[in-house]
Amino acid sequence: TAKLKAPIDLVGLVLLVVFVGALQLMLDRGKEHDWFEAVEIRALAAIAIIGFLAFLAWELTDSNPVVDLKVFRHRGFTASVFTLSLGYGSMFGANVLTPLWLQSYMGYTSTWAGMTTAWSGTTAVLMAPIAGLLMAKKLDPRRLVFFGPLWIAAVMRLRTYVTMDVTYWQIAIPLILMGFGLPQNVGKVFIIDGASLATLSVMNDPEFELIQPQHFG
């Protein structure tokens with residue numbers, strides 16, 4: 001079978017690196033330079049915005065884009081990305097703040113703060129094979145993906161009751177419970193209209209599993 005070698009979108013790749021790099025530097029160095037009071041931070045913000053707009057314009061018009069933005073016309077794909085972005089943003093925001101809170105206000109050392117927050121990763125590793133087995137058993141992956149964010153949302157709601165008087169295990173147990181929902185939350189499953197699959201550019205990407213619409217029974 002003849003193989004077609006597509007050209008690399010070097011312009012799109014450079015624009016992607018420039019705007020993401022500028023944004024990352026702005027976020028990393030902003031606190032040290034009083035944010036937009038510093039010329040450096042304003043310059044990085046301008047580069048990030050201009051680079052992002054240029055990246056969008058190029059990717060939407062190039063014949064072989066490094067990131068095919070046209071896939072967002074599929075409602076299932078767009079809804080999945082939006083849901084994952086919200087879920088990951090809130091979850092990782094809380095996960096970043098937890099060790100800072102433990103060290104700044106609860107008197108934990110960096111070691112104990114790490115040991116406390118590591119519980120969610122431990123249970124996630126234990127749960128991952130089970131989630132994979134359930135998918136291998138032909139269980140509708142949408143059920144697992146639906147369960148993951150709901151479970152994590154419930155655990156995050158439980159963590160809102162945490163006060164300065166909590167014990168180690170009162171902090172650790174919600175993190176242990178959160179780990180059970182992580183493998184389902186990270187499943188890259190997008191429900192897409194079967195009639196549009198032929199035009200979806202991610203069909204050959206092994207990280208994406210395309211699920212034909214089904215009725216829940």
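Residues numbered from 1 in each chain as written. Predicted model: local features only at pLDDT ≥ 70, side-chain atom pairs only at ≥ 80, totals over all residues. Heavy atoms only, no water.

Caption draft 1: Region of interest: the overall build of the chain. Within the chain, the secondary structure is distributed over seven helices and two strands. Of all 217 residues assigned to the chain, the portion counted as buried reaches 30%. The long-range share in the chain, meaning contacts at least 24 apart out of those at least 6 apart in sequence, stands at 62%. Here the chain displays about 14100 Å² of accessible surface, and carbon together with sulfur accounts for 69% of that area. (Helix = DSSP H or I, 4+ residues; strand = E, 2+ residues; numbered from the N terminus. Buried < 20%, exposed > 50% of the residue type's maximum accessible area, 1.4 Å probe, protein only. Contact = heavy atoms within 4.5 Å. Areas by Shrake-Rupley, 256 points an atom, 1.4 Å probe, with all protein chains shown as cover.)

Caption draft 2: Fine view of helix α2 (residues 39–61). Compared with an ideal rise of 1.5 Å per residue, which puts 23 residues at 33 Å, α2 spans 33 Å between its outermost C-alpha atoms and is within 8% of the ideal. If you follow the buried residues of α2, they end up packed against α1 (10–29). (Expected span 1.5 Å × (residues − 1).)

Caption draft 3: Quick look at unusual backbone geometry. Despite not being glycine, Asp-34 shows a phi value in the positive range, around 60°. Positionally, Asp-34 belongs in the loop between α1 and α2. Backbone geometry at Trp-35 places phi at a positive 50°, although glycine is not the residue there. Turning to its location among the elements, Trp-35 is positioned in the loop between α1 and α2.

Caption draft 4: Focus on the pattern of salt bridges. Enumeration according to the criterion identifies one salt bridge in this entry. Arg-29 is the partner of Glu-40 in a salt bridge, and the nearest nitrogen-oxygen pair spans 2.6 Å. With Glu-40 in helix α2 and Arg-29 in helix α1, this pair connects stretches of sequence that are 11 residues apart. The exposure class of Glu-40 is partly exposed, given its relative accessible area of 31%. What makes Arg-29 partly exposed here is its relative accessible area of 31%. (Salt bridge = Lys/Arg side-chain N within 4 Å of Asp/Glu carboxyl O.)

Caption draft 5: Focus on the packing of α1 against α2. Between α1 and α2, the least distance of the axes is 8 Å, while the angle of their chain directions is 150°. As judged from the angle between their axes, α1 and α2 are roughly antiparallel. Here the hand of the crossing between α1 and α2 comes out left-handed. Here α1 contributes Val-11, Gly-12, Leu-15, Leu-16, Val-18, Phe-19, Ala-22, Leu-23, Leu-25, Met-26 and Arg-29 to the contact with α2, which in turn contributes Glu-40, Ile-41, Leu-44, Ala-45, Ile-47, Ala-48, Gly-51, Phe-52, Ala-54, Phe-55, Trp-58 and Glu-59. (Axes fitted to C-alpha atoms, helices over the stretch in contact; angles between N-to-C directions. Parallel < 35°, antiparallel > 145°, perpendicular 65-115°, else oblique. Left-handed = near helix turned anticlockwise from the far one by under 90°.)

Caption draft 6: Expanded view of the nonpolar core. In this structure, Leu-102, Met-106, Tyr-108, Ala-113, Val-166, Tyr-168, Ile-171, Ala-172 and Leu-175 together form the largest nonpolar core, which totals nine residues. In this structure, Tyr-108 is in contact with Leu-102, Gln-103, Ala-113, Thr-116, Thr-167, Tyr-168 and Ile-171, ignoring residues within four places of it in sequence. Counting seven residues, the second largest nonpolar core, distinct from the first, contains Ala-22, Ile-41, Leu-44 and Ala-48. (Core = buried A, V, L, I, M, F, W, Y, C linked by side-chain atoms within 4.5 Å.)

Caption draft 7: Representation of the side chain of Thr-116 within the structure. Of note, Thr-116 is situated in helix α4 (residues 110–136). Separated by 2.6 Å, the side chain of Thr-116 and the backbone oxygen of Trp-112 make a polar contact. (Polar contact = N/O pair within 3.5 Å; in protein donor to acceptor, adjacent residues only side chain to side chain.)

Caption draft 8: Examining the packing of aromatic side chains more closely. A full pass over the atoms with the stated rule returns six aromatic pairs. Consider the rings of Trp-119 and Trp-169, whose centres lie 5.6 Å apart with planes at 45°: the pair is tilted. With Trp-119 in helix α4 and Trp-169 in helix α6 (residues 168–179), this pair connects stretches of sequence that are 50 residues apart. When its relative accessible area of 46% is taken as the criterion, Trp-169 is described as partly exposed. Counting every residue linked through ring pairs, the aromatic cluster contains Trp-112, Trp-119, Tyr-168 and Trp-169. (Phe/Tyr/Trp six-rings, centres within 6.5 Å; stacked < 30°, edge-to-face > 60°.)

By themselves, these observations are geometric and do not establish any function.
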